[in-house]
Amino acid sequence: MKTLVPLILVSLLSACGVTNTTFNRPYLPPEEPLVMPEPSVRLTVGKVLTVERADRLRVQMADWPEVADQTLTLQVTGATFPQFPGQCANEAGAAAVALKRVEALLADAHTIELSELQEQADGFTARVWLDNQALDQRLLQEQLVQSGTANWCP
C-alpha cells in the first residue's frame, strides 16, 4: 500500500504535466489577421530579392509596416506567363526569354510598386508597376506574355 500511493501520485502529476499547457507551452496571443491595402493603393517595394520565374518574385516591402522585414512571395497578375519546362519546347523557350526580360526591367526600374494585392496560401498575388507602367502591359506589348488562355504550343 505504501508504494501504491506514491505511484498513483506520480502518475497523476505526470498526466497533469502533459495536459497543462500553462507550464509546458508558453501562451501566444492569437495572430492578428493581416490588414490588406485597398486594391487601388500602390505599395513600394524596397528590394527585389529573387526572380524565380517571370511571374514569381520574392521581395521586401518599403512602406507596408505590417510586413516589415519579411520576405513576400509574389505571383504577378494581369497576363498569362509562359512556364518552364512548360508543355512544349516553345513554351520553355518563351519562359526563358520572359524571365530575362523581367529581370532586366526590374533592374532598370527606379520605382517598383504593387497594387491589387491579395493574400494566397503560398504568398501573394499582385499587379507590378515599374516606373508607373504595368509590367504585364509592357510584356504584352513586347509579345512575351499572353492575355486570357495561353497557347504556347502548336
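Predicted model, so just to flag it, every value in this text is computed and none were measured.

Regarding the overall build of the protein chain
Step number 1: When helices and strands are counted, the protein chain shows 4 helices and 6 strands.
Step number 2: Each helix and strand of the protein chain, placed in order from N terminus to C terminus, yields the pattern α-α-β-β-β-α-β-β-β-α.
Step number 3: Each of the 154 residues in the protein chain was classed as buried or not, and the buried ones make up 31%.
Step number 4: Taken as a whole, the protein chain presents about 10,100 Å² of accessible surface, with 57% of it coming from carbon and sulfur.

Some points on the state of the cysteines
Step number 1: Taken as a whole, this structure holds 1 disulfide when the rule is applied.
Step number 2: A disulfide bridge connects C88 with C153, and the sulfur atoms are separated by 2.1 Å. Taking the torsion about the sulfur-sulfur bond, which here is approximately -100 degrees, the covalent link between C88 and C153 counts as left-handed. Residue C88 is located in the loop between β3 (72–76) and α3 (89–108), and its partner C153 is located in the segment after α4 (135–141); the two are separated by 65 residues in the primary sequence.

Thoughts on the packing of aromatic side chains
Step number 1: Overall, the coordinates contain 0 aromatic pairs when judged by the stated rule.
Step number 2: Directly above the ring of W129 sits R42, whose terminal nitrogen or CZ lies 3.6 Å from the centroid.

As for the side chain of D136
Step number 1: Along the chain, D136 falls in helix α4.
Step number 2: A distance of 3.0 Å separates polar atoms of two side chains, one belonging to D136 and the other to R127.
Step number 3: In this structure D136 touches T77, G78, A79, R127 and V145, once residues within four positions along its chain are discounted.

What to know about the side chain of R56
Step number 1: Looking at where R56 falls in the secondary structure, it is placed in strand β2 (residues 56–61).
Step number 2: For R56, a relative accessible area of 14% puts it in the buried group.

Focus on unusual backbone geometry
Step number 1: Look at the link from F84 to P85: it is a cis peptide, with omega at 10 degrees.
Step number 2: Relative to the helices and strands, P85 is located in the loop between β3 and α3.
Step number 3: Despite not being glycine, D131 shows a phi value in the positive range, around 50 degrees.
Step number 4: As for its position among the elements, D131 is in the loop between β5 (123–130) and β6 (133–134).
Step number 5: The exposure class assigned to D131 is partly exposed, which follows from its relative accessible area of 35%.

Cut-offs applied
Residues numbered from 1 in each chain as written. Predicted model: local features only at pLDDT ≥ 70, side-chain atom pairs only at ≥ 80, totals over all residues. Heavy atoms only, no water. Helix = DSSP H or I, 4+ residues; strand = E, 2+ residues; numbered from the N terminus. Buried < 20%, exposed > 50% of the residue type's maximum accessible area, 1.4 Å probe, protein only. Areas by Shrake-Rupley, 256 points an atom, 1.4 Å probe, with all protein chains shown as cover. Disulfide = S-S within 2.5 Å. Phe/Tyr/Trp six-rings, centres within 6.5 Å; stacked < 30°, edge-to-face > 60°. Lys NZ or Arg CZ within 6 Å of the ring centre and 35° of its normal. Polar contact = N/O pair within 3.5 Å; in protein donor to acceptor, adjacent residues only side chain to side chain. Contact = heavy atoms within 4.5 Å.

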